[in-house]
Amino acid sequence: MAERSFKAEVEHLRLGAGETFTGEGILAITKALLENGVGYVGGYQGAPISHLMDVLADAEDLMAELGIRFEANANEAAAAAMLAASVHYPIRGAVTFKGSVGVNVASDALANLASSGVNGGALVIVGEDYGEGSSIMQERSHAFAMKSQFWLLDPRPNLPCITKAVKDGFELSEASNTPVMLMVRIRSCHVTGSFETRDNQRPKLSVKDALSNPQSDFARVVLPPMSYLHEQDKIKNRWPNAEKFIRERALNEVFGPKQAPVGLVLQGGMYNGVIRALQRLGLADLHGKTEVPLYVLNVTYPLLSSEFLEFCDGKDQVLVIEEGQPEFIEQQLTTFLYRAGSTVRLRGKDIFPMAGEYTGQVMLDAIGAFLKAAAPQMLPATVRAPNEDRPQIPDLTKTVPIRPPGFCTGCPERPIFAAMKLVQQETGKLQISADIGCHLFAALPPFEIGGATMGYGLGPAANAAFDGGGERRPVSIIGDGGFWHNGLSSSFTNMAFNKSDGVAVIVDNYYSAATGGQDIMSSRADNPTKATKHPITKALKGIGIDWVRQVDNTYDVGRMRDVLREALTTDTPGPKVIVASSECMLNKQRREKPLQQKAIKDGRRVEAPRFGVDEDVCTGDHACIRLSGCPSLSVKKLDDPLRDDPVASIDQSCVGCGNCGEVADAAVLCPSFYRADVVHNPTPWEVRLARVRSRVIGWLQSRRAAHRLSFGDAP
Amino acid sequence: MADPRLSGIIKLAILAVGGQGGGVLTGWIEDLARSCGYAAQATSVAGVSQRTGATVYYVEMAPHRTGDPTPVFSLMPAPGDVDIMIAAEMMEAGRSIIRGFVTPDRTTLIASTHRALAVSEKMVPGDGIASSDEVMAAAEIAARRVIAADFDALAIANGSVISASLFGALAGSGALPFPREAFEAAIRAGGKGVDGSLRAFGAAFDAAANPTPEVPTAPAAAKITPVSGPARLMAEWDRLATRVAALPAPVAELAQPGLRKVVDFQDLRYGADYLDHLARVLAVDDAARGWVLSHEAAKYIANAMAYDDIIRVADLKTRGRRFDRIRKEMRVKDANLLQLTEFFHPRAEEIVGLFPAKLGARIEADPKWMARLDRWFNKGRRLRTDSLRAFLMLHLIGGLRGWRLRTLRHAQERAHLARWLEHALGHVATNYDLAVEIIRCRRLIKGYSDTHARGQSKFDRVLEATAVVASRADAADWCRRLREAALKDEDGKALDGAIATIRSFA
């Protein structure tokens, strides 16, 4: 069950011809796939296209009606490999994953696919996770398109353009027998807007029908000598066909006046930012009518020399606006000009920054600087000589704390890392490698655990150099998502085969949690279309790892610590693997809270736990926070002139996971934590017992109070 | 620079902390704009934002007639180009100012003044909370208009969440050209938790439309609650209270709560001891110095005397008022029952601390005995204080106050207090400021078990390092710096650095 449900929105995917769809980018893409007769879809979740996978999963019924096969692939490589169905068969297929790390994982399949070439349209929808809010290394998927020869679309970021790009992408793919990558940036995935819909189309040939009538052609197989022919085919046929299609269909767009001394060349995805800068410079209006000519590359690979040279014709200078590095497009366009013996001056990353996101300020500064130098007469006087008088705003950079993402309230991973921190207090600092997933937040304060991440499913593999062991064993961490994505083969068989002496901790929270709570092989949920409930421990046993410990309640910090200590000290040879399992609290709460409220309403007995801190007992040393970091565990200043430091305090958002109490116990902290279980609809026997107890307790309390002074403010 | 050709576009950014409902708020604003005949576009960077990170949501809107071309909207806010900035938390307001989204020519800043503390603020052993005042001061300069209130508290008071109250503040600010009814219709159309949302919306609307200027209340002289008890004790209390009243005002100000604290901890005789200690300090103090030394001593002697032992914890945990307070905090209704679980983990040190001083000292010096005690007692104990057995046990321990003065722990604390005071007062004649700083170092000792031990060792190291520079004119300054360094991190890395600096020149 994914974090966000699109069940309601998915109904909009049934809209027919002439109706208007209003909503989010990812939904629009899904609608476009249905309108273009896609035969199968798949992919692997990850920002920013996680929700696209969720939409597809929620639209599974609708797709089944249309005869479309949906796969939630094991990883991006599996998703890309699925496009093999379009190699021989005239079936349109689309898969989605995040760029550039998803593309990295998929690269083997993508390269083979590109070599074989396709018959049916093959579309790879890549969510480019670049710029603010990105969770990965900053790289471009562009290089993959160049090396493997598939085409790259980067449409203008509005719904009509994005949905048109889906249509264009399939047709371009078929016209040039080449897979096409449609790149959507992180913001355009979630941008809202409207577009006019068409009727959904059943695939012309369904995968079921294709299976009844299998085809093969060894000329398509990537084997010598065919692979040499594939390369020639790419250059001699597929590429020219693609160029022809792009030009004839006018996939790239030109805006603005024909005659001007300068022009801007930009990736489609940059369009809105460029228009905003021009608007602010007084050179474009509300609707994007521009006084500076724009050549908008909705196709960023391949680039069309002739089209570009036509645009440059009669201009003195052009500015290339290309986000990300290195400047592939700029280099290519420079070559075009040079080969044509052109005198047009090309500017780009000499004005724009080489690296980093092209934000509103960057656009404004760079385009402004370019125009000031190249065509100052175009700029209004206010821009040429701005008369600004801004007040000095105090510098808050030292005041405002950074706020990196962290574990949610009640996260079951927090106690694992608290235990690990406690173990490290005994053993000294350990060599720890981490993986991709929520657990990577442990690298940040207050835990500061894990020094490297080499990729999804590669945590234990990243410790392979230390497999031989030493004075202290190396420890690696991997999530259940990473385990099934790639970890079982790349990390654990690697450990088993090499007789690793290392320790691996598998953080099993029942979901691919970091990407939004999608089900995976070991999920405990009943999923009507997927096979779940396959224990990780069974897989480990299956590859010959015998020292496996299953911890079913990660909140038991003491046990977690003991198991970790045992793994680090046991004499048993071979890999030591701990599977630490407790359900992702975000998902659990979403599932259980409504049920609990209903139960209370229905008069059933419910215990609702929450934690609290006795502020008189708390001394304000915050040791508990350094072992927790829970958002609901905070500090507050007391109205007590005798106290200097704020004391711990737990707010309403506490879900009563128990970590506070466990940590206070295991780390021998202070006794200020308490758990309050509020019992709704108690049984009559409970009520009677409680009445007796409170009468006795009340009597004892008042008896003692009568013999001492009472200060109103004391508890 | 506001371009007239763009004046049609309203640019609104929301800076929120994950889980605050920034997405819901964005959705309402979008629906509102569309229902009022505007074209609107929203974007956000979701990803890991839900997991407590800071997130920007961004909406642009412009008047639009059906059939007209759609305006070209930007997908991200730009510095100097935001009309309405909504910050769902005080430091996020600060972040929006840092990022340049708040400018005096155009921006209406709607900020909730509550705090969601960042991990870095919470984990320092001392006080690491960032200053909201600095952000507010900057906001007054940076924004064209500031609408600030605790919209979180307002939402909670109305049984809703902050997205609803911020939407109300947006409506009340009048920054959008839409009528109140249209806002409320957007909430209704959302369909979830409508009643609570509307209540919070209304309250915030009023708060934003008619802001009541916050009267800066001077930190109200700590409210003095009445003392009550048996007549015999009251008579003695009154005598002690008279002694406090006779102290110079700045000293009495803290001696008053100090006396309460130690009497509540032990008894009236102990209170008299407290005043005696204070009298010794006062005797060497100087009115010309504003009684700073005695003022600080009144605070820290009380804290030192009311140390945290098992007896105190058991006493605090079993008081009637505590039970009432928890019932209130946990919102326990009459039909509910409350079960209370306490988390104790005594070690041999705590047990031996309860022994008579001489016997205790002998056992403490004997590793075999300590190991045995650890074996017997050192494990986590969960006590259900709503049950009779556990309550009775804690009640009995809490009643050991008569015994306390004979225990090993008390002897240790008394000796430590004496050493510390003597050390501080030894400097009064030569370096008054240094004496004050040494008194203040008592702040370092807090916590239980390991944390307490770490505090003790930091205290010792600060005093030791101070002794190295004690003869210097700036010794007090060094002592203060050492103490502040000691409060910065758990392991004392900053303190190590400060001490290394001292060693380098002394």
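Nothing here was measured: the structure is a model prediction, and the numbers come from that model.

1. Things to note about the domain arrangement of chain A
All names here are of chain A. When the domains of chain A are assigned, the result is domain 1 (19-199 + 211-248), domain 2 (253-383), domain 3 (413-587) and domain 4 (605-706). Taking the mean C-alpha position of each, domain 3 and domain 4 sit 32 Å from one another. Taken together, the contacts link 13 residues of domain 3 with 14 residues of domain 4. Taking both sides of the interface into account, the surface hidden between domain 3 and domain 4 amounts to around 1,100 Å²; carbon and sulfur atoms contribute 66%. Between the two partners, domain 3 and domain 4, sit zero salt bridges. Among the elements of the structure, helix 18 (413-427) and helix 21 (557-569) are those that each provide at least two residues to the side of domain 3 that touches domain 4. With five residues, helix 18 is the largest single contributor of residues to the side of domain 3 that touches domain 4. Taken together, the residues of the side of domain 3 that touches domain 4 break down into eight nonpolar, one polar and four charged.

2. Thoughts on the packing of helix 20 (residues 408-425) of chain B against helix 21 (residues 432-440) of chain B
All names here are of chain B. Helix 21 packs onto helix 20 with a crossing angle of 160° between their chain directions and a minimal axis gap of 8 Å. Here helix 20 is positioned roughly antiparallel relative to helix 21, judged by the angle of their axes. Considering how the two elements wind past one another, helix 20 and helix 21 form a crossing that is right-handed. In this structure, helix 20 uses Trp420, Leu421, His423 and Ala424 to contact helix 21, whose residues at the interface are Ala435, Ile438 and Ile439. A breakdown of the residues in the contact of helix 20 with helix 21 according to their chemical character gives six nonpolar, one polar and no charged.

3. Describing the confidence of the model for chain B
Residues with a pLDDT of 70 or more make up 95% of chain B, whose mean pLDDT is 91. Ignoring residues within four places in sequence, the model shows residues 1-5 of chain B, a span with pLDDT below 50, making 14 contacts including any to other chains.

4. Points about the side chain of His230(A)
Residues and elements named next belong to chain A. Along the chain, histidine 230 turns up in helix 12 (residues 226-248). Residue classification places histidine 230 among the buried positions, given a relative accessible area of 5%. With sequence-adjacent residues up to four places away left out, histidine 230 is seen in contact with Ser115, Ser116, Ala219, Arg220, Val221, Val222 and Arg238.

5. Thoughts on the interface of chain B and chain A
Put simply, an interface is often sized by how much accessible area is lost when its parts join up. Facing the 143 residues of chain B at the interface are 123 residues of chain A. In this assembly, chain B packs against chain A so that about 11,800 Å² is buried in total across both faces, 58% of it on carbon and sulfur atoms. Linking chain B with chain A are 19 salt bridges. In this structure, Glu60(B) engages Arg276(A) in a salt bridge whose closest nitrogen and oxygen atoms are separated by 2.6 Å. Of the residues contributing to the side of chain B that touches chain A, the split by class is 67 nonpolar, 35 polar and 41 charged. Of the strand pairs in this sheet, strand 23 (residues 673-680) of chain A and strand 8 (residues 337-344) of chain B are connected by six bridges, and their pairing is antiparallel. Bridge pairing in strand 8 of chain B places Val678(A) opposite Leu338(B).

6. Points about a nonpolar patch on the surface
Residue and element names in this part refer to chain A. Judged by side-chain polarity, Phe218, Val221 and Leu223 come together as a nonpolar surface patch covering roughly 320 Å² of accessible area. Structurally, phenylalanine 218 can be placed in the loop between helix 11 (207-212) and helix 12. Given a relative accessible area of 65%, phenylalanine 218 falls into the exposed group.

7. Points about the domain arrangement of chain B
All names here are of chain B. Along its sequence, chain B is carved into domain 1 (4-209), domain 2 (231-301 + 409-505) and domain 3 (310-405). The centre of domain 2, based on its C-alpha atoms, is set 28 Å off from the matching centre of domain 3. Between domain 2 and domain 3, the contact holds twelve residues from the first and twelve residues from the second. Of the roughly 1,100 Å² buried at the junction of domain 2 and domain 3 (both faces included), carbon and sulfur atoms supply 43%. Between aspartate 264 and arginine 319 there is a salt bridge, and its shortest N-O distance comes to 3.2 Å. Joining domain 2 to domain 3, the criterion identifies seven residue pairs in polar contact (both at pLDDT 80 or more). When contributions to the side of domain 2 that touches domain 3 are tallied by element, the ones reaching two or more residues are helix 10 (249-265), helix 20 and helix 22 (449-468).

8. Considerations on the environment of Val72(B)
The topology assignment puts Val72(B) in the loop between strand 3 (54-63) and strand 4 (84-87). Along the primary structure Val72(B) and Arg472(B) are separated by 400 residues, whereas in three dimensions their C-alpha atoms are 68 Å apart. Those residues in contact with Val72(B), other than ones at most four positions away along the chain, are Tyr271(A), Asn272(A), Ile275(A), Arg276(A), Gln279(A), Leu286(A), His287(A), Gly288(A) and Ile9(B).

9. Overview of the nonpolar core
Membership of the largest hydrophobic core comes to 77 residues, with the highest contact counts inside it found for Leu33(A), Val41(A), Phe97(A), Leu123(A) and Ile125(A). It is helix 2 (residues 25-35) of chain A that contributes the most residues to this core, seven residues altogether. Look past the residues within four positions of Leu123(A) in its chain and what remains in contact with it is Leu33(A), Leu83(A), Gly93(A), Ala94(A), Val95(A), Val166(A), Gly169(A), Phe170(A), Val180(A) and Leu182(A). Within the second largest apolar cluster, 68 residues are counted, among which are Ala252(B), Phe265(B), Leu293(B) and Ile438(B).

10. Some remarks on the UniProt feature "domain: DUF6537" (unreviewed entry) in chain B
Look at the UniProt record and you will see "domain: DUF6537" (unreviewed entry) annotated at residues 252-464 of chain B. The distance separating the terminal C-alpha atoms of residues 252-464 of chain B is 31 Å; by composition the span is 69% helix and 6% strand.

11. What about the state of the cysteines?
Residue and element names in this part refer to chain A. Counted according to the given criterion, the structure contains zero disulfides over all chains. Cysteine 670 forms no disulfide, and the closest cysteine sulfur to it belongs to cysteine 618, at a distance of 5.7 Å. Relative accessible area serves as the criterion here: at 12%, cysteine 670 is assigned to the buried category.

12. Examining the sheet that holds strand 16 (residues 475-479) of chain A
All names here are of chain A. Strand order in this open sheet of five strands is 15-16-17-19-18, and the pairing throughout is parallel. The sheet terminates laterally at strand 15 (432-433) and strand 18 (547-551), the two strands that pair on one side only. Here strand 16 pairs with strand 17 (residues 503-508) via five bridges, running parallel. When the bridges of strand 17 are listed, isoleucine 478 appears paired with isoleucine 506. On the sheet, helix 18 packs against strand 15, strand 16, strand 17 and strand 19 (576-581) and is oriented at approximately 155° with respect to strand 17. Relative to the sheet, helix 19 (residues 480-497) contacts strand 16, strand 17 and strand 19, its axis offset from that of strand 16 by approximately 145°.

13. What to know about the environment of Asp433(B)
All names here are of chain B. Relative to the elements of secondary structure, aspartate 433 occurs in helix 21. A residue is classified by how much of its surface remains accessible, and aspartate 433, at 43% relative accessible area, is partly exposed. Put simply, aspartate 433 and arginine 480 are 47 residues apart on the chain and 10.0 Å apart in space, counted from C-alpha to C-alpha.

Criteria and thresholds
- Residues numbered from 1 in each chain as written.
- Chains lettered and ligands numbered in written order.
- Predicted model: local features only at pLDDT ≥ 70, side-chain atom pairs only at ≥ 80, totals over all residues.
- Heavy atoms only, no water.
- Domains from an automatic or database assignment.
- Contact = heavy atoms within 4.5 Å.
- Buried area = accessible area lost by both parts, 1.4 Å probe.
- Salt bridge = Lys/Arg side-chain N within 4 Å of Asp/Glu carboxyl O.
- Helix = DSSP H or I, 4+ residues; strand = E, 2+ residues; numbered from the N terminus.
- Nonpolar A, V, L, I, M, F, W, Y, C, P; charged D, E, K, R; others polar.
- Axes fitted to C-alpha atoms, helices over the stretch in contact; angles between N-to-C directions.
- Parallel < 35°, antiparallel > 145°, perpendicular 65-115°, else oblique.
- Left-handed = near helix turned anticlockwise from the far one by under 90°.
- pLDDT = per-residue confidence, 0-100.
- Buried < 20%, exposed > 50% of the residue type's maximum accessible area, 1.4 Å probe, protein only.
- Pairing = 2+ DSSP bridges.
- Patch = residues over 30% accessible without salt bridge, like charges linked within 9 Å, V, L, I, M, F, W, Y side chains within 5 Å.
- Areas by Shrake-Rupley, 256 points an atom, 1.4 Å probe, with all protein chains shown as cover.
- Polar contact = N/O pair within 3.5 Å; in protein donor to acceptor, adjacent residues only side chain to side chain.
- Core = buried A, V, L, I, M, F, W, Y, C linked by side-chain atoms within 4.5 Å.
- UniProt positions renumbered as here; feature names shortened; annotations may be inferred.
- Disulfide = S-S within 2.5 Å.

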